[in-house]
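As a plain string of letters, each chain reads:
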Amino acid sequence: MNVLTFNNPYEPAIRRALSQIADPGRVRVLFICLGNICRSPAADGLMHEVVASHHAENRWEIDSAGTGGYHVGDLPDPRMRAHARQRGLNLTHICRQVRESDFDNFDLIIGMDESNMRNLHRLAPTPEDEDKLLPMAAFFGSYSRHDHVPDPYYDGAQGFETVLDILTEATENLYDTVTAEI
(Lines give C-alpha, C1' and ligand atoms only; values in the text may rest on other atoms or scores of the structure.)
Protein backbone atom coordinates (compact mmCIF):
# COMPACT_ATOMS: atom_id res chain seq x y z
CA MET A 1 0.00 0.00 0.00
CA ASN A 2 1.29 3.45 -0.88
CA VAL A 3 1.07 5.19 2.50
CA LEU A 4 0.62 8.54 0.77
CA THR A 5 -2.83 7.50 -0.49
CA PHE A 6 -4.46 8.07 2.89
CA ASN A 7 -4.24 10.81 5.50
CA ASN A 8 -0.68 10.15 6.67
CA PRO A 9 0.74 12.71 9.13
CA TYR A 10 4.23 11.89 7.83
CA GLU A 11 3.38 12.81 4.22
CA PRO A 12 5.48 16.02 4.09
CA ALA A 13 8.51 14.24 5.56
CA ILE A 14 8.10 11.29 3.21
CA ARG A 15 7.84 13.58 0.17
CA ARG A 16 10.92 15.53 1.31
CA ALA A 17 12.89 12.32 1.79
CA LEU A 18 11.82 10.90 -1.55
CA SER A 19 12.88 14.11 -3.27
CA GLN A 20 16.40 13.48 -1.92
CA ILE A 21 16.79 10.20 -3.82
CA ALA A 22 19.74 10.89 -6.09
CA ASP A 23 19.14 8.10 -8.61
CA PRO A 24 15.54 6.88 -8.94
CA GLY A 25 16.90 3.73 -10.57
CA ARG A 26 18.85 2.84 -7.40
CA VAL A 27 17.16 3.36 -4.02
CA ARG A 28 19.52 3.13 -1.04
CA VAL A 29 17.84 2.56 2.34
CA LEU A 30 19.38 2.14 5.79
CA PHE A 31 17.37 0.87 8.78
CA ILE A 32 18.40 2.01 12.27
CA CYS A 33 17.71 0.78 15.79
CA LEU A 34 19.73 1.02 18.99
CA GLY A 35 22.01 -2.02 18.88
CA ASN A 36 21.41 -3.34 15.35
CA ILE A 37 20.54 -6.78 16.72
CA CYS A 38 16.73 -6.96 16.63
CA ARG A 39 14.59 -4.44 14.78
CA SER A 40 16.89 -2.98 12.13
CA PRO A 41 18.39 -6.29 10.94
CA ALA A 42 14.86 -7.71 10.79
CA ALA A 43 13.74 -4.74 8.68
CA ASP A 44 16.85 -5.19 6.53
CA GLY A 45 16.11 -8.88 5.94
CA LEU A 46 12.40 -8.31 5.32
CA MET A 47 13.12 -5.47 2.88
CA HIS A 48 15.49 -7.75 0.97
CA GLU A 49 12.62 -10.27 0.73
CA VAL A 50 10.15 -7.66 -0.51
CA VAL A 51 12.58 -6.38 -3.13
CA ALA A 52 13.38 -9.94 -4.27
CA SER A 53 9.68 -10.76 -4.58
CA HIS A 54 9.41 -7.87 -7.06
CA HIS A 55 12.61 -8.91 -8.88
CA ALA A 56 14.08 -5.49 -8.07
CA GLU A 57 17.33 -6.52 -6.33
CA ASN A 58 19.45 -4.55 -8.80
CA ARG A 59 17.48 -1.35 -8.04
CA TRP A 60 17.79 -1.35 -4.24
CA GLU A 61 20.66 -1.20 -1.78
CA ILE A 62 19.60 -2.18 1.74
CA ASP A 63 21.54 -2.19 5.00
CA SER A 64 21.05 -1.64 8.72
CA ALA A 65 23.01 -0.18 11.60
CA GLY A 66 22.68 0.81 15.24
CA THR A 67 23.05 4.15 16.94
CA GLY A 68 24.97 2.38 19.71
CA GLY A 69 28.11 0.34 19.23
CA TYR A 70 27.27 -2.36 21.77
CA HIS A 71 27.10 -5.31 19.36
CA VAL A 72 29.42 -4.34 16.49
CA GLY A 73 30.60 -7.47 14.69
CA ASP A 74 27.87 -9.72 16.11
CA LEU A 75 25.04 -11.50 14.35
CA PRO A 76 21.50 -10.34 15.25
CA ASP A 77 20.01 -11.47 18.55
CA PRO A 78 19.53 -15.28 18.54
CA ARG A 79 15.87 -14.89 19.52
CA MET A 80 15.19 -12.58 16.56
CA ARG A 81 17.03 -14.97 14.25
CA ALA A 82 14.96 -17.90 15.57
CA HIS A 83 11.63 -16.10 15.12
CA ALA A 84 12.65 -14.87 11.67
CA ARG A 85 13.78 -18.38 10.70
CA GLN A 86 10.30 -19.70 11.61
CA ARG A 87 9.04 -17.37 8.86
CA GLY A 88 11.66 -18.54 6.37
CA LEU A 89 13.88 -15.49 6.87
CA ASN A 90 17.58 -16.04 7.54
CA LEU A 91 19.15 -13.00 9.27
CA THR A 92 22.90 -13.05 8.63
CA HIS A 93 23.62 -9.33 8.88
CA ILE A 94 26.75 -8.41 10.86
CA CYS A 95 25.91 -5.63 13.30
CA ARG A 96 27.55 -2.26 12.82
CA GLN A 97 27.21 1.26 14.13
CA VAL A 98 25.84 4.10 12.02
CA ARG A 99 28.54 6.45 10.75
CA GLU A 100 28.56 9.91 9.23
CA SER A 101 29.36 8.51 5.77
CA ASP A 102 25.98 6.72 5.82
CA PHE A 103 24.39 10.10 5.18
CA ASP A 104 26.29 10.24 1.87
CA ASN A 105 25.76 6.57 1.03
CA PHE A 106 22.00 6.25 1.64
CA ASP A 107 18.93 8.07 0.33
CA LEU A 108 16.55 7.06 3.11
CA ILE A 109 17.58 6.47 6.72
CA ILE A 110 14.75 4.95 8.72
CA GLY A 111 14.71 4.89 12.52
CA MET A 112 12.67 2.40 14.52
CA ASP A 113 11.69 4.74 17.37
CA GLU A 114 11.88 8.33 18.58
CA SER A 115 15.12 7.80 20.51
CA ASN A 116 16.83 6.53 17.35
CA MET A 117 15.39 9.46 15.39
CA ARG A 118 16.76 11.97 17.93
CA ASN A 119 20.18 10.32 17.74
CA LEU A 120 20.09 10.38 13.93
CA HIS A 121 19.15 14.07 13.86
CA ARG A 122 22.16 14.78 16.07
CA LEU A 123 24.42 12.77 13.75
CA ALA A 124 23.16 14.30 10.49
CA PRO A 125 25.92 16.54 9.08
CA THR A 126 23.57 18.90 7.17
CA PRO A 127 19.91 19.93 7.03
CA GLU A 128 19.65 18.12 3.67
CA ASP A 129 20.86 14.97 5.41
CA GLU A 130 18.16 15.40 8.05
CA ASP A 131 15.60 15.36 5.23
CA LYS A 132 16.62 11.74 4.56
CA LEU A 133 15.46 10.68 8.04
CA LEU A 134 12.10 8.99 8.46
CA PRO A 135 10.56 7.00 11.29
CA MET A 136 9.49 3.48 10.39
CA ALA A 137 6.07 4.50 11.74
CA ALA A 138 5.63 6.56 8.57
CA PHE A 139 5.04 3.26 6.77
CA PHE A 140 2.66 1.63 9.23
CA GLY A 141 -0.70 0.56 7.86
CA SER A 142 -2.85 -1.57 10.12
CA TYR A 143 -0.30 -1.05 12.91
CA SER A 144 -0.99 2.69 13.01
CA ARG A 145 -2.06 2.29 16.64
CA HIS A 146 1.69 2.10 17.31
CA ASP A 147 3.88 5.18 17.01
CA HIS A 148 7.15 3.20 16.80
CA VAL A 149 8.54 -0.29 16.39
CA PRO A 150 8.75 -1.61 19.96
CA ASP A 151 12.08 -3.01 21.10
CA PRO A 152 11.57 -6.74 21.75
CA TYR A 153 14.91 -7.19 23.54
CA TYR A 154 13.37 -7.42 27.03
CA ASP A 155 10.07 -8.96 25.91
CA GLY A 156 9.21 -12.58 25.47
CA ALA A 157 8.54 -14.46 22.26
CA GLN A 158 5.42 -12.42 21.46
CA GLY A 159 7.51 -9.25 21.34
CA PHE A 160 9.64 -10.65 18.53
CA GLU A 161 6.56 -11.87 16.67
CA THR A 162 4.89 -8.47 16.98
CA VAL A 163 8.00 -6.71 15.66
CA LEU A 164 8.19 -9.08 12.70
CA ASP A 165 4.48 -8.53 11.96
CA ILE A 166 4.87 -4.75 12.09
CA LEU A 167 8.03 -4.75 9.98
CA THR A 168 6.60 -7.16 7.40
CA GLU A 169 3.79 -4.75 6.64
CA ALA A 170 5.92 -1.61 6.94
CA THR A 171 8.62 -2.85 4.54
CA GLU A 172 5.96 -3.77 1.98
CA ASN A 173 4.42 -0.31 2.39
CA LEU A 174 7.84 1.31 2.07
CA TYR A 175 8.48 -0.53 -1.20
CA ASP A 176 5.03 0.33 -2.58
CA THR A 177 5.35 3.99 -1.61
CA VAL A 178 8.84 4.46 -3.01
CA THR A 179 8.10 2.69 -6.28
CA ALA A 180 4.81 4.58 -6.76
CA GLU A 181 6.33 7.99 -6.04
CA ILE A 182 9.71 8.01 -7.82
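All values derive from a computational prediction rather than experimental measurement.

1. Comments concerning the packing of helix α2 (residues 39-53) against helix α7 (residues 157-181)
Then, number 1: For the pair α2 and α7, the least separation of the axes is 9 Å and the interaxial angle reads 45 degrees. Compared by their axis directions, α2 and α7 come out oblique. For the pair α2 and α7, the crossing hand works out as right-handed. Mapping the contact onto sequence places R39, A42, A43, L46, M47, V50 and V51 in α2 and V163, L164, L167, T168, T171, E172, L174 and Y175 in α7.
Then, number 2: The residue inventory of the contact of α2 with α7, partitioned by class, reads 11 nonpolar, 2 polar and 2 charged.

2. Looking at the nonpolar core
Then, number 1: Residues F31, W60, L108, M136, F139, L167 and L174 are the most contacted members of the largest nonpolar core, which totals 46 residues.
Then, number 2: Those elements that place two or more of their residues in this core are α1 (11-19), β1 (27-33), α2, β2 (60-66), α3 (78-86), β3 (108-111) and α7.
Then, number 3: Examining the composition of this core, we find that 9 residues originate from one element, α7, more than from any other.
Then, number 4: For L108, the contacting residues outside a window of four places in its chain are A17, L18, I21, V27, R28, V29, L30, K132, L134, L174 and V178.

About the criteria used
Residues numbered from 1 in each chain as written. Predicted model: local features only at pLDDT ≥ 70, side-chain atom pairs only at ≥ 80, totals over all residues. Heavy atoms only, no water. Axes fitted to C-alpha atoms, helices over the stretch in contact; angles between N-to-C directions. Helix = DSSP H or I, 4+ residues; strand = E, 2+ residues; numbered from the N terminus. Parallel < 35°, antiparallel > 145°, perpendicular 65-115°, else oblique. Left-handed = near helix turned anticlockwise from the far one by under 90°. Contact = heavy atoms within 4.5 Å. Nonpolar A, V, L, I, M, F, W, Y, C, P; charged D, E, K, R; others polar. Core = buried A, V, L, I, M, F, W, Y, C linked by side-chain atoms within 4.5 Å. Buried < 20%, exposed > 50% of the residue type's maximum accessible area, 1.4 Å probe, protein only.

Nothing here speaks to function; it is all geometry.
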